Amino acid sequence: QVQLVESGGGLVQPGGSLRLSCAASGVIFSRYDVTWYRQAPGKQRELVAVISRDGSIKYADSAKGRFLISRDTAKNMVFLQMNSLKPEDTAVYYCNAKRYVPNANYWGQGTQVTVSS
């Protein structure tokens, strides 16, 4: 059974940092494109950062220069280091693992990030 579990969310002041973790069981992250998404209240879910199977990385414009996605193959985990956090970063952050051949798409339950003074 596949399970993705996010952790590391919480309440942080503007300008602070958080490190989100996504741990996987039942899948090997290095064989998937792993993406961090977020969804703020009343808004659509949006891509934050993705690390592909080949290790290539892409960021949303809102994340460039502040967030860093990484993968620990030995631990089968993916991380999202978030720095210089802003109130507009407040959202539930989700981990997604996807591959196309064979088709598979998995989601975690999400972790809440709140940036507020």
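Residues numbered from 1 in each chain as written. Predicted model: local features only at pLDDT ≥ 70, side-chain atom pairs only at ≥ 80, totals over all residues. Heavy atoms only, no water.

A. A look at the environment of A60. Along the chain, A60 turns up in the loop between β6 (57–59) and β7 (67–72). Of the residues examined, A60 reaches a relative accessible area of 16% and is grouped as buried. Taking C-alpha positions, A60 is 24 Å from I28, a pair spaced 32 residues apart along the chain. (Helix = DSSP H or I, 4+ residues; strand = E, 2+ residues; numbered from the N terminus. Buried < 20%, exposed > 50% of the residue type's maximum accessible area, 1.4 Å probe, protein only.)

B. Region of interest: the sheet that holds strand β1 (residues 3–7). One open sheet holds the four strands; their spatial order is β1-β3-β8-β7, and the pairing between them is antiparallel. Each edge of the open sheet is held by one strand with a lone partner, namely β1 and β7. Ignoring strand direction, the axes of neighbouring strands in this sheet form an average angle of 15°. Pairing of β1 with strand β3 (residues 18–25) involves five bridges; the strand directions are antiparallel. Within β3, the residue paired with L4 across the bridge is A24. (Pairing = 2+ DSSP bridges. Axes fitted to C-alpha atoms, helices over the stretch in contact; angles between N-to-C directions.)

Nothing here speaks to function; it is all geometry.
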